[in-house]
Amino acid sequence: MTVITSSPAVPPRSRVAAPLIEAEGLSVSFASETGFLPAVRGVDLRLEEGEILGLVGESGSGKSVTCQALLGLLPASSTFAGCLRVAGETLVLGDALAFERLRGGTISMIFQDPMSALDPLMTARAHLHQRLRRHERRGDGEERMQELLRRAGVSDTVRVLDAYPHQLSGGLCQRVAIALALAGEPRILVADEPTTALDVTVQAQVLDLLDDLRRARDLAVILISHDLGVVAEICDRIAVMYAGQIVETGPVDAVLEQPAHPYTLGLLESRPLLNGPRRKLRAIRGAAPLPNALPSGCAFSPRCGRSAAVCQVPAVLQPVRSTSSQYHSAGHRLARCHLPLADGAHG
Ligand SMILES: Nc1ncnc2c1ncn2[C@@H]1O[C@H](COP(=O)(O)OP(=O)(O)OP(=O)(O)O)[C@@H](O)[C@H]1O
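Residues numbered from 1 in each chain as written. Predicted model: local features only at pLDDT ≥ 70, side-chain atom pairs only at ≥ 80, totals over all residues.

A few points about the site of the ligand
Defined as follows: Whether a residue is near a molecule or strand depends on its C-beta atom, placed from the backbone, lying within 6 Å of it. Under the scheme used here, helices are H or I runs from DSSP no shorter than 4 residues and strands are E runs no shorter than 2 residues, and both carry numbers assigned from the N terminus. Residues are sorted three ways: Asp, Glu, Lys and Arg are charged, Ala, Val, Leu, Ile, Met, Phe, Trp, Tyr, Cys and Pro are nonpolar, and all the rest, Gly among them, are polar.
Within the structure, the ligand sits among 13 residues, and F30, A39, S59, S64 and V65 are positioned closest to it. Of the residues forming the shell around the ligand, the biggest block, 3 residues, is contributed by helix α1 (residues 63-71). Of the residues in the shell around the ligand, the class split is 5 nonpolar, 7 polar and 1 charged.

In C-alpha coordinates, the structure reads:
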(Lines give C-alpha, C1' and ligand atoms only; values in the text may rest on other atoms or scores of the structure.)
Protein backbone atom coordinates (compact mmCIF):
# COMPACT_ATOMS: atom_id res chain seq x y z
CA MET A 1 0.00 0.00 0.00
CA THR A 2 1.35 3.38 -0.95
CA VAL A 3 1.38 6.27 1.46
CA ILE A 4 -0.57 9.32 0.43
CA THR A 5 1.70 12.21 -0.19
CA SER A 6 0.81 15.46 -1.75
CA SER A 7 1.89 15.26 -5.38
CA PRO A 8 4.21 17.95 -6.68
CA ALA A 9 1.68 20.29 -8.23
CA VAL A 10 1.54 20.10 -12.00
CA PRO A 11 1.65 23.69 -13.22
CA PRO A 12 -1.84 24.78 -14.24
CA ARG A 13 -2.28 24.51 -17.97
CA SER A 14 -4.07 27.13 -19.94
CA ARG A 15 -6.87 24.98 -21.26
CA VAL A 16 -8.51 26.53 -24.25
CA ALA A 17 -9.38 23.42 -26.25
CA ALA A 18 -12.61 21.53 -25.63
CA PRO A 19 -12.28 18.58 -23.23
CA LEU A 20 -11.09 15.34 -24.85
CA ILE A 21 -13.91 13.45 -23.16
CA GLU A 22 -17.27 14.88 -22.22
CA ALA A 23 -19.77 12.33 -20.95
CA GLU A 24 -23.17 13.26 -19.63
CA GLY A 25 -25.66 11.00 -17.92
CA LEU A 26 -23.88 7.75 -18.83
CA SER A 27 -26.07 4.88 -17.69
CA VAL A 28 -25.49 1.18 -18.25
CA SER A 29 -27.67 -1.75 -17.19
CA PHE A 30 -27.21 -5.49 -17.63
CA ALA A 31 -29.96 -7.95 -18.46
CA SER A 32 -30.68 -10.47 -15.73
CA GLU A 33 -33.39 -13.00 -14.94
CA THR A 34 -35.11 -10.39 -12.80
CA GLY A 35 -34.85 -7.53 -15.31
CA PHE A 36 -32.22 -4.91 -16.07
CA LEU A 37 -29.71 -4.22 -13.27
CA PRO A 38 -28.16 -0.75 -13.19
CA ALA A 39 -24.35 -0.82 -13.07
CA VAL A 40 -23.66 2.81 -13.97
CA ARG A 41 -26.23 5.47 -13.12
CA GLY A 42 -25.99 8.90 -14.70
CA VAL A 43 -22.24 9.47 -14.70
CA ASP A 44 -20.89 12.81 -15.95
CA LEU A 45 -17.18 12.89 -16.80
CA ARG A 46 -14.81 15.41 -18.32
CA LEU A 47 -11.18 14.82 -19.25
CA GLU A 48 -8.83 17.53 -20.48
CA GLU A 49 -5.72 17.20 -22.60
CA GLY A 50 -2.66 16.28 -20.49
CA GLU A 51 -4.76 15.54 -17.42
CA ILE A 52 -4.82 12.39 -15.27
CA LEU A 53 -8.21 11.62 -13.75
CA GLY A 54 -8.29 8.96 -11.03
CA LEU A 55 -11.43 6.82 -10.85
CA VAL A 56 -11.73 5.12 -7.46
CA GLY A 57 -14.31 3.17 -5.49
CA GLU A 58 -14.95 -0.27 -4.05
CA SER A 59 -15.20 -3.35 -6.20
CA GLY A 60 -18.43 -3.32 -8.20
CA SER A 61 -18.91 0.45 -8.00
CA GLY A 62 -18.96 0.76 -11.79
CA LYS A 63 -15.46 2.02 -12.66
CA SER A 64 -14.69 -0.55 -15.35
CA VAL A 65 -18.16 -0.46 -16.88
CA THR A 66 -17.92 3.35 -17.12
CA CYS A 67 -14.65 2.99 -19.03
CA GLN A 68 -16.05 0.22 -21.21
CA ALA A 69 -18.81 2.67 -22.18
CA LEU A 70 -16.20 5.32 -23.07
CA LEU A 71 -14.40 2.82 -25.31
CA GLY A 72 -17.52 1.30 -26.87
CA LEU A 73 -16.67 -2.07 -25.32
CA LEU A 74 -19.93 -2.80 -23.53
CA PRO A 75 -21.18 -6.37 -23.88
CA ALA A 76 -24.25 -7.15 -25.96
CA SER A 77 -26.20 -7.98 -22.77
CA SER A 78 -26.13 -4.32 -21.74
CA THR A 79 -28.41 -1.38 -22.41
CA PHE A 80 -27.06 2.13 -22.21
CA ALA A 81 -27.95 5.79 -22.41
CA GLY A 82 -26.17 9.11 -22.20
CA CYS A 83 -24.27 11.65 -24.31
CA LEU A 84 -20.62 11.19 -25.18
CA ARG A 85 -18.14 13.37 -27.04
CA VAL A 86 -14.60 12.07 -27.56
CA ALA A 87 -11.99 14.40 -29.11
CA GLY A 88 -14.75 16.59 -30.47
CA GLU A 89 -16.70 13.74 -32.06
CA THR A 90 -20.21 13.03 -30.81
CA LEU A 91 -20.66 9.30 -30.49
CA VAL A 92 -23.83 7.27 -30.51
CA LEU A 93 -23.20 4.73 -27.77
CA GLY A 94 -24.25 1.73 -29.86
CA ASP A 95 -22.31 2.78 -32.98
CA ALA A 96 -19.70 0.00 -33.06
CA LEU A 97 -18.01 1.28 -36.23
CA ALA A 98 -17.47 4.78 -34.83
CA PHE A 99 -15.86 3.35 -31.68
CA GLU A 100 -13.76 0.96 -33.78
CA ARG A 101 -12.34 4.00 -35.61
CA LEU A 102 -11.49 5.75 -32.34
CA ARG A 103 -10.02 2.81 -30.43
CA GLY A 104 -6.27 2.53 -30.62
CA GLY A 105 -6.08 5.81 -32.54
CA THR A 106 -7.73 8.49 -30.41
CA ILE A 107 -8.31 6.40 -27.30
CA SER A 108 -6.43 3.35 -26.11
CA MET A 109 -6.45 1.09 -23.07
CA ILE A 110 -4.12 -0.87 -20.82
CA PHE A 111 -5.27 -3.49 -18.34
CA GLN A 112 -4.39 -4.87 -14.94
CA ASP A 113 -2.81 -8.11 -16.09
CA PRO A 114 -0.37 -7.50 -18.96
CA MET A 115 0.07 -11.25 -19.44
CA SER A 116 -3.56 -11.64 -20.40
CA ALA A 117 -3.32 -8.71 -22.82
CA LEU A 118 -0.48 -10.45 -24.70
CA ASP A 119 -0.72 -13.63 -26.76
CA PRO A 120 1.68 -16.20 -25.22
CA LEU A 121 2.49 -17.53 -28.70
CA MET A 122 3.58 -14.16 -30.12
CA THR A 123 6.81 -12.23 -29.58
CA ALA A 124 6.72 -8.55 -28.70
CA ARG A 125 7.81 -7.90 -32.31
CA ALA A 126 4.82 -9.85 -33.68
CA HIS A 127 2.46 -7.98 -31.35
CA LEU A 128 3.85 -4.59 -32.41
CA HIS A 129 3.90 -5.55 -36.09
CA GLN A 130 0.25 -6.57 -35.91
CA ARG A 131 -0.76 -3.41 -34.06
CA LEU A 132 1.18 -1.08 -36.35
CA ARG A 133 -0.35 -2.68 -39.43
CA ARG A 134 -3.73 -1.74 -37.99
CA HIS A 135 -2.65 1.90 -37.84
CA GLU A 136 -1.30 1.86 -41.39
CA ARG A 137 -0.34 5.52 -41.45
CA ARG A 138 2.65 4.84 -39.17
CA GLY A 139 4.47 2.01 -40.91
CA ASP A 140 5.82 -1.01 -39.06
CA GLY A 141 9.58 -0.73 -39.43
CA GLU A 142 12.11 -1.96 -36.90
CA GLU A 143 13.01 1.58 -35.89
CA ARG A 144 9.37 2.45 -35.19
CA MET A 145 8.93 -0.65 -33.01
CA GLN A 146 12.07 0.16 -31.06
CA GLU A 147 10.98 3.77 -30.66
CA LEU A 148 7.63 2.68 -29.21
CA LEU A 149 9.35 0.36 -26.75
CA ARG A 150 11.78 3.11 -25.73
CA ARG A 151 8.84 5.45 -25.21
CA ALA A 152 7.38 2.80 -22.91
CA GLY A 153 10.63 2.82 -20.92
CA VAL A 154 12.28 -0.32 -22.37
CA SER A 155 16.06 0.00 -22.74
CA ASP A 156 17.14 -3.38 -24.21
CA THR A 157 14.67 -3.12 -27.06
CA VAL A 158 16.33 -5.75 -29.30
CA ARG A 159 16.06 -8.49 -26.69
CA VAL A 160 12.51 -7.52 -25.75
CA LEU A 161 11.35 -7.44 -29.39
CA ASP A 162 12.35 -11.09 -29.83
CA ALA A 163 10.97 -12.28 -26.49
CA TYR A 164 7.73 -14.14 -25.83
CA PRO A 165 5.64 -12.91 -22.89
CA HIS A 166 6.79 -15.76 -20.61
CA GLN A 167 10.39 -14.64 -21.15
CA LEU A 168 9.65 -11.15 -19.80
CA SER A 169 9.02 -9.92 -16.26
CA GLY A 170 5.56 -8.59 -15.36
CA GLY A 171 6.89 -5.02 -15.53
CA LEU A 172 8.34 -5.54 -19.01
CA CYS A 173 5.13 -7.18 -20.21
CA GLN A 174 3.21 -4.11 -18.99
CA ARG A 175 5.69 -1.88 -20.86
CA VAL A 176 5.12 -3.90 -24.05
CA ALA A 177 1.36 -3.50 -23.48
CA ILE A 178 1.90 0.26 -23.07
CA ALA A 179 3.99 0.37 -26.29
CA LEU A 180 1.10 -1.41 -28.06
CA ALA A 181 -1.38 1.08 -26.61
CA LEU A 182 0.79 3.96 -27.88
CA ALA A 183 1.15 2.53 -31.40
CA GLY A 184 -1.79 4.50 -32.79
CA GLU A 185 -0.60 7.77 -31.16
CA PRO A 186 -3.68 8.00 -28.90
CA ARG A 187 -4.65 11.24 -27.18
CA ILE A 188 -6.39 9.39 -24.36
CA LEU A 189 -5.25 6.34 -22.40
CA VAL A 190 -7.61 4.42 -20.14
CA ALA A 191 -5.58 2.45 -17.60
CA ASP A 192 -7.60 -0.11 -15.63
CA GLU A 193 -5.58 -0.96 -12.48
CA PRO A 194 -2.35 -1.00 -14.55
CA THR A 195 -0.04 -1.62 -11.60
CA THR A 196 -2.05 -3.95 -9.35
CA ALA A 197 -0.36 -7.09 -10.68
CA LEU A 198 3.17 -5.64 -10.37
CA ASP A 199 5.50 -5.50 -7.40
CA VAL A 200 5.89 -2.18 -5.64
CA THR A 201 9.12 -0.92 -7.25
CA VAL A 202 7.88 -1.78 -10.74
CA GLN A 203 4.53 -0.16 -9.87
CA ALA A 204 6.33 3.11 -9.20
CA GLN A 205 8.23 2.90 -12.50
CA VAL A 206 5.05 2.30 -14.51
CA LEU A 207 3.29 5.20 -12.74
CA ASP A 208 6.27 7.47 -13.45
CA LEU A 209 6.07 6.41 -17.07
CA LEU A 210 2.38 7.37 -17.30
CA ASP A 211 3.20 10.71 -15.69
CA ASP A 212 6.06 11.30 -18.15
CA LEU A 213 3.85 10.43 -21.11
CA ARG A 214 1.20 12.92 -20.12
CA ARG A 215 3.79 15.64 -19.55
CA ALA A 216 5.78 14.96 -22.74
CA ARG A 217 2.86 14.25 -25.07
CA ASP A 218 -0.13 15.86 -23.36
CA LEU A 219 -1.65 12.40 -23.15
CA ALA A 220 -4.87 12.43 -21.13
CA VAL A 221 -5.24 9.46 -18.79
CA ILE A 222 -8.13 7.91 -16.90
CA LEU A 223 -6.56 5.81 -14.16
CA ILE A 224 -8.78 3.26 -12.44
CA SER A 225 -7.26 2.33 -9.10
CA HIS A 226 -8.13 0.94 -5.68
CA ASP A 227 -5.04 2.62 -4.26
CA LEU A 228 -5.68 6.17 -3.05
CA GLY A 229 -1.92 6.60 -2.57
CA VAL A 230 -1.33 5.99 -6.28
CA VAL A 231 -4.11 8.40 -7.17
CA ALA A 232 -2.75 11.08 -4.83
CA GLU A 233 0.68 10.62 -6.37
CA ILE A 234 -0.05 11.26 -10.05
CA CYS A 235 -3.65 12.34 -10.61
CA ASP A 236 -4.85 15.92 -11.09
CA ARG A 237 -8.51 15.18 -10.40
CA ILE A 238 -10.36 12.33 -8.76
CA ALA A 239 -13.84 10.91 -9.19
CA VAL A 240 -15.06 8.65 -6.39
CA MET A 241 -17.68 6.11 -7.47
CA TYR A 242 -20.20 4.33 -5.28
CA ALA A 243 -23.03 2.07 -6.43
CA GLY A 244 -22.75 3.20 -10.05
CA GLN A 245 -22.65 6.93 -9.34
CA ILE A 246 -19.97 9.56 -8.86
CA VAL A 247 -20.34 10.63 -5.24
CA GLU A 248 -17.48 13.10 -5.06
CA THR A 249 -15.18 14.72 -7.59
CA GLY A 250 -12.66 17.54 -7.69
CA PRO A 251 -8.94 18.34 -7.57
CA VAL A 252 -7.17 15.37 -6.01
CA ASP A 253 -5.41 17.21 -3.17
CA ALA A 254 -8.56 19.03 -2.08
CA VAL A 255 -10.75 15.89 -2.15
CA LEU A 256 -8.27 13.63 -0.36
CA GLU A 257 -7.21 16.18 2.24
CA GLN A 258 -10.70 17.51 2.98
CA PRO A 259 -13.24 14.96 1.75
CA ALA A 260 -16.80 16.24 1.66
CA HIS A 261 -18.53 12.88 1.19
CA PRO A 262 -18.59 10.43 4.13
CA TYR A 263 -17.79 7.60 1.70
CA THR A 264 -14.57 9.30 0.57
CA LEU A 265 -13.63 9.79 4.22
CA GLY A 266 -14.45 6.11 4.86
CA LEU A 267 -12.13 5.01 2.04
CA LEU A 268 -9.34 7.17 3.46
CA GLU A 269 -9.81 5.88 7.01
CA SER A 270 -9.79 2.24 5.94
CA ARG A 271 -6.37 2.40 4.30
CA PRO A 272 -3.17 1.63 6.19
CA LEU A 273 -0.43 4.25 6.37
CA LEU A 274 3.28 3.50 6.27
CA ASN A 275 4.29 6.66 8.07
CA GLY A 276 2.48 9.03 10.41
CA PRO A 277 1.01 8.00 13.74
CA ARG A 278 -0.21 4.45 14.22
CA ARG A 279 -3.97 4.33 14.15
CA LYS A 280 -6.74 1.78 14.17
CA LEU A 281 -8.06 1.05 10.68
CA ARG A 282 -11.74 1.74 10.38
CA ALA A 283 -13.40 -0.38 7.71
CA ILE A 284 -16.61 1.07 6.31
CA ARG A 285 -19.34 -0.95 7.98
CA GLY A 286 -21.58 -3.19 5.86
CA ALA A 287 -21.17 -3.77 2.14
CA ALA A 288 -21.95 -1.84 -1.01
CA PRO A 289 -25.48 -2.56 -2.28
CA LEU A 290 -25.92 -4.93 -5.21
CA PRO A 291 -27.46 -3.41 -8.34
CA ASN A 292 -30.68 -5.36 -7.64
CA ALA A 293 -31.04 -3.98 -4.10
CA LEU A 294 -30.26 -0.27 -4.30
CA PRO A 295 -31.65 1.84 -1.45
CA SER A 296 -34.36 4.26 -2.58
CA GLY A 297 -32.57 7.34 -1.16
CA CYS A 298 -28.85 8.05 -0.93
CA ALA A 299 -27.16 4.75 -1.88
CA PHE A 300 -24.55 5.16 0.88
CA SER A 301 -26.99 6.04 3.70
CA PRO A 302 -27.36 2.47 5.12
CA ARG A 303 -23.58 2.47 5.80
CA CYS A 304 -23.22 6.11 6.76
CA GLY A 305 -22.74 7.22 10.36
CA ARG A 306 -24.26 10.62 9.52
CA SER A 307 -27.44 9.29 7.90
CA ALA A 308 -30.58 11.29 8.74
CA ALA A 309 -34.17 11.46 7.55
CA VAL A 310 -33.20 13.65 4.60
CA CYS A 311 -30.98 10.83 3.28
CA GLN A 312 -34.04 8.77 2.38
CA VAL A 313 -34.29 11.04 -0.66
CA PRO A 314 -31.72 10.57 -3.48
CA ALA A 315 -28.90 13.12 -3.30
CA VAL A 316 -27.62 15.06 -6.31
CA LEU A 317 -24.07 16.20 -7.04
CA GLN A 318 -23.69 19.73 -5.79
CA PRO A 319 -20.82 22.19 -5.36
CA VAL A 320 -18.76 21.84 -2.19
CA ARG A 321 -18.16 25.14 -0.49
CA SER A 322 -14.80 25.34 1.19
CA THR A 323 -14.02 27.98 3.77
CA SER A 324 -10.37 26.89 3.80
CA SER A 325 -8.30 29.52 2.04
CA GLN A 326 -6.05 26.74 0.72
CA TYR A 327 -8.91 25.32 -1.34
CA HIS A 328 -10.76 28.50 -2.23
CA SER A 329 -9.43 28.29 -5.77
CA ALA A 330 -9.07 24.53 -5.92
CA GLY A 331 -11.38 24.24 -8.93
CA HIS A 332 -14.71 22.58 -9.30
CA ARG A 333 -15.58 20.28 -6.38
CA LEU A 334 -18.85 18.38 -6.25
CA ALA A 335 -20.29 15.94 -3.72
CA ARG A 336 -23.49 13.88 -3.79
CA CYS A 337 -24.46 14.28 -0.15
CA HIS A 338 -27.29 15.94 1.79
CA LEU A 339 -25.01 16.42 4.80
CA PRO A 340 -21.49 16.96 3.42
CA LEU A 341 -18.61 16.99 5.89
CA ALA A 342 -17.48 20.39 6.99
CA ASP A 343 -13.95 21.65 6.33
CA GLY A 344 -11.35 19.85 8.30
CA ALA A 345 -12.43 16.25 7.70
CA HIS A 346 -9.08 14.60 7.33
CA GLY A 347 -8.42 11.08 6.15
N1 LIG B 1 -20.81 -8.28 -18.32
C2 LIG B 1 -21.52 -8.04 -17.22
N3 LIG B 1 -22.72 -8.64 -17.03
C4 LIG B 1 -23.46 -8.40 -15.92
N5 LIG B 1 -23.09 -7.56 -14.93
C6 LIG B 1 -21.89 -6.95 -15.05
C7 LIG B 1 -21.05 -7.15 -16.20
N8 LIG B 1 -19.93 -6.39 -16.04
C9 LIG B 1 -20.07 -5.76 -14.85
N10 LIG B 1 -21.25 -6.09 -14.27
C11 LIG B 1 -21.75 -5.58 -12.99
O12 LIG B 1 -21.67 -4.16 -13.05
C13 LIG B 1 -21.33 -3.64 -11.76
C14 LIG B 1 -20.13 -2.73 -11.91
O15 LIG B 1 -19.01 -3.55 -12.29
P16 LIG B 1 -17.57 -2.94 -12.59
O17 LIG B 1 -16.74 -4.05 -13.14
O18 LIG B 1 -17.69 -1.70 -13.40
O19 LIG B 1 -17.07 -2.56 -11.13
P20 LIG B 1 -15.63 -2.00 -10.72
O21 LIG B 1 -15.89 -0.79 -9.90
O22 LIG B 1 -14.79 -1.82 -11.93
O23 LIG B 1 -15.10 -3.19 -9.83
P24 LIG B 1 -13.61 -3.80 -9.71
O25 LIG B 1 -12.83 -2.76 -8.97
O26 LIG B 1 -13.80 -5.06 -8.94
O27 LIG B 1 -13.12 -4.03 -11.11
C28 LIG B 1 -21.10 -4.83 -10.85
O29 LIG B 1 -22.28 -5.05 -10.11
C30 LIG B 1 -20.85 -5.96 -11.82
O31 LIG B 1 -21.24 -7.19 -11.28
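Still more ground to cover, so stick around.
Some thoughts on the sheet that holds strand β4 (residues 78-86)
The criterion, for reference: At least two DSSP bridges between two strands are required for those strands to pair. Note on geometry: axes are lines fitted to C-alpha atoms, helical ones only across the stretch in contact, with angles between N-to-C directions running from 0 to 180 degrees. Residues are treated as contacting if the C-beta atoms built from their backbones sit within 7 Å of each other.
Pairing within the open sheet is antiparallel, and its 4 strands lie in the order β2-β1-β4-β5. A strand with exactly one partner marks an edge of an open sheet, and here the two such strands are β2 (35-47) and β5 (89-91). Averaged over all pairs of adjacent strands, the angle between strand axes in this sheet comes to 10°, irrespective of strand direction. Pairing of β4 with β5 involves 3 bridges; the strand directions are antiparallel. Looking at the pairing, V86 lines up with E89 of β5. In this fold α1 packs onto β1 (21-32), β2 and β4, with an angle of close to 115° to the strand it touches most, β1.

A look at unusual backbone geometry
Even without being glycine, A87 reaches a positive phi, approximately 50°. Backbone geometry at E193 places phi at a positive 50°, although glycine is not the residue there. Of note, E193 is situated in the loop between β7 (188-192) and α8 (200-217).

As for the sheet that holds strand β3 (residues 52-56)
Strand order across the open sheet formed by 8 strands is β6-β7-β8-β3-β9-β10-β12-β11, with mixed pairing between neighbours. Either end of the sheet is taken by a strand with one partner, and the two such strands are β6 (107-110) and β11 (318-319). As paired strands, β3 and strand β8 (residues 220-224) are joined by 4 bridges and run parallel to one another. When the sheet's bridge partners are listed, L55 is paired in β8 with I224.

Regarding the pairing of β4
As paired elements, β1 and β4 share 8 bridges and run antiparallel to each other. Counted as the bridge partner of A23 is L84 from β4. Taking the residues that link successive antiparallel strands as the turn, the β4-β5 hairpin has 2 residues, and the phi of A87 there is positive, at about 50°.

As for the domain arrangement of the protein
Size of an interface: often given as the accessible area lost when the parts come together. Selection criterion: Just so you know, the domain bounds were taken from an automatic or database domain assignment.
According to the domain assignment, the protein contains domain 1 (21-239) and domain 2 (259-335). Distance from the C-alpha centre of domain 1 to the C-alpha centre of domain 2: 28 Å. Across the boundary between the two partners, domain 1 contributes 8 residues, which contact 6 residues of domain 2.

Some words on the nonpolar core
Put simply, the test is: One nonpolar core equals one set of buried Ala, Val, Leu, Ile, Met, Phe, Trp, Tyr and Cys residues connected by C-beta atoms within 7 Å. Residue burial here comes from a neighbour count, namely the number of other C-beta atoms, placed from the backbone, that lie within 10 Å of the residue's own C-beta, with 20 or more meaning buried, 12 or fewer meaning exposed, and in between meaning partly exposed.
Judged by nonpolar contacts, the single largest core of 98 residues is most densely connected at V176, A179 and I222. By residue number, the principal contributor to this core is helix α7 (residues 170-182), which donates 9 residues. Two domains each donate at least three residues to this core, and these are domain 1 (21-239) and domain 2 (259-335). Residue contacts for V176: discarding those within four places in its chain leaves L118, A124, H127, V160 and L168.

Comments concerning the confidence of the model for the protein
The line we're drawing: pLDDT expresses, on a scale from 0 to 100, how confident the predictor is about each individual residue.
Residues of the protein with pLDDT of at least 70 account for 87%, and the chain-wide mean is 86. This stretch, residues 1-15, has a pLDDT under 50; its non-local contacts, to residues over four places away or in other chains, come to 25 contacts. Overall fold confidence (pTM) sits at 0.88, and the ipTM for the predicted complex is 0.97.

Describing α7
Put simply, the rule reads: By this rule, a helix spans an expected 1.5 Å times one less than how many residues it contains.
Along its 13 residues, α7 runs 18 Å from first to last C-alpha, staying within 8% of the 18 Å computed at 1.5 Å per residue. Within α7, 11 of the 13 residues are buried, which leaves the element mostly enclosed by the surrounding structure. Taken together, the buried positions of α7 are occupied by L172, C173, Q174, R175, V176, A177, I178, A179, L180, A181 and L182.

Let's talk about the pairing of strand β10 (residues 245-251)
Counting buried positions along β10 gives 6 out of 7 residues, so the element sits mostly inside the fold. In the sheet, strand β9 (residues 237-242) pairs with β10 via 6 bridges, with the strands oriented antiparallel. Within β10, the position partnered with M241 by the bridge is I246. Relative to strand β12 (residues 334-335), β10 runs antiparallel, the two sharing 2 bridges. When the bridges of β12 are listed, T249 appears paired with L334.

Quick notes on the environment of F300
Structurally, F300 is set in the loop between α11 (262-269) and β11. Taking the C-alpha atoms as reference points, F300 and V247, 53 residues apart in sequence, are found 9.2 Å from one another. Ignoring any residue separated from it by four or fewer positions in sequence, one finds F300 in contact with Y242, V247, P262 and Y263.

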